[in-house]
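Each chain, letter by letter, is given below.
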Amino acid sequence: GTLASEVLAWSAGLALCGSEVKSLRAAVPILAGAADRATAFRVLGLATLEMGDEAAAEDAFHSALSLDPLIDLEPLEVSPRAFNVFRRVKERLDGTLKVDVRGASARVVLDGAEVGTTPYEAKVRIGRHRVQLRTSDGRVTGLAAEAIVRVGVVTAVQMPRPPTPERILGHGEL
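Because the structure is a prediction, the values reported are computed rather than measured. (Residues numbered from 1 in each chain as written. Predicted model: local features only at pLDDT ≥ 70, side-chain atom pairs only at ≥ 80, totals over all residues. Heavy atoms only, no water.)

1. Brief notes about the overall build of the chain
Item 1. In terms of regular secondary structure, the chain is built from six helices and seven strands.
Item 2. Counted from the first residue to the last, the chain has its helices and strands arranged as α-α-α-α-α-β-β-β-β-β-β-β-α.
Item 3. Scored against the burial criterion, the 174 residues of the chain give a buried share of 39%.
Item 4. Long-range pairs, those at least 24 residues apart, make up 53% of the contacts in the chain between residues at least 6 apart in sequence.
Item 5. When the accessible area of the chain is evaluated, it comes to approximately 9600 Å², of which 53% is carbon and sulfur surface. (Helix = DSSP H or I, 4+ residues; strand = E, 2+ residues; numbered from the N terminus. Buried < 20%, exposed > 50% of the residue type's maximum accessible area, 1.4 Å probe, protein only. Contact = heavy atoms within 4.5 Å. Areas by Shrake-Rupley, 256 points an atom, 1.4 Å probe, with all protein chains shown as cover.)

Okay, here's the thing in structure tokens:
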């Protein structure tokens, strides 16, 4: 819609004045899609930060990330201050990740680091994560899943049973 176009135009480098920020703040909740609302909150955060209101910017960035945990700022397109405030907000936000394996226990590898065994449940930063399993002999399996963790939400990942050395060699059950 018109507001979405205005939001995208501002994010391309046009500045919003105080009255336009008020209008944007009032219009954000009525935007139809979560992606449009997230973009509008991101722009609102940038505008309020530019006007010197860091607390309002943090609130707007929090709202944007709650709607879309993958939304980001390009460091070359915004001020270092804006980039740092956004990153600080993003690093404070978490959700819950649950990983389970049908009929077996396995070690969980999250973003390349072993973090526990299944059933696994922990608070993790919002955003995209790669979940893998490690077999009983220590190998990371080729089984992988992508989990997108959202603010305050439980993201459940059900992994298939990893092969055991015995199953691979044909000495165990299949």
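2. Describing the confidence of the model for the chain
Item 1. Mean pLDDT over the chain: 82, with 75% of residues reaching 70 or higher.
Item 2. Ranking the elements of the chain by mean pLDDT puts helix α1 (residues 2-11) last with 49 and strand β4 (residues 120-125) first with 97.
Item 3. Below a pLDDT of 50 lies the segment residues 168-174, which in the model reaches eight contacts outside its immediate sequence neighbourhood of four places, other chains included. (pLDDT = per-residue confidence, 0-100.)

3. With respect to the nonpolar core
Item 1. Among the nonpolar cores identified, the biggest contains 20 residues, and Leu46, Phe61, Leu65, Ile71, Leu73, Val78 and Phe86 are the most heavily contacted of them.
Item 2. Leave out the neighbours within four places in its chain, and Ile71 touches Ala38, Thr39, Arg42, Ala64, Leu65, Phe86 and Lys90. (Core = buried A, V, L, I, M, F, W, Y, C linked by side-chain atoms within 4.5 Å.)

4. Overview of the pattern of salt bridges
Item 1. Taken as a whole and assessed by the stated rule, the structure comprises eight salt bridges.
Item 2. With its nearest N and O atoms 2.8 Å apart, the salt bridge here joins Glu146 to Arg128. Note that Glu146 is positioned in strand β6 (residues 140-149) and Arg128 in strand β5 (residues 127-134), a separation of 18 residues in sequence.
Item 3. Judged by relative accessible area, Arg128 falls into the partly exposed class, the value being 47%. (Salt bridge = Lys/Arg side-chain N within 4 Å of Asp/Glu carboxyl O.)

5. Observations concerning the sheet that holds β4
Item 1. With mixed pairing, the three strands of this open sheet are ordered in space as β4-β1-β7. The open sheet has two edge strands, β4 and β7 (154-159), and neither has a second partner. With direction set aside, neighbouring strand axes in the sheet form an average angle of 25°.
Item 2. Sheet topology note: the strand β1 (residues 94-101)/β7 ladder contains six bridges and is parallel. Each bridged residue has a counterpart across the sheet, and for Asp100 the counterpart in β7 is Gln158. (Pairing = 2+ DSSP bridges. Axes fitted to C-alpha atoms, helices over the stretch in contact; angles between N-to-C directions.)

6. Looking at helix α4 (residues 54-67)
Item 1. Here α4 contains 14 residues, and its C-alpha end-to-end distance of 20 Å stays within 8% of the 20 Å for a straight helix at 1.5 Å per residue.
Item 2. Within the span of α4, buried status applies to Ala57, Glu58, Ala60, Phe61, Ala64 and Leu65. One side of α4 holds all its buried residues, which, seen down the axis, span an arc of 165°.
Item 3. Where α4 is buried, its residues meet α3 (34-50) and α5 (80-92). (Expected span 1.5 Å × (residues − 1). Arc of directions from axis to C-beta.)

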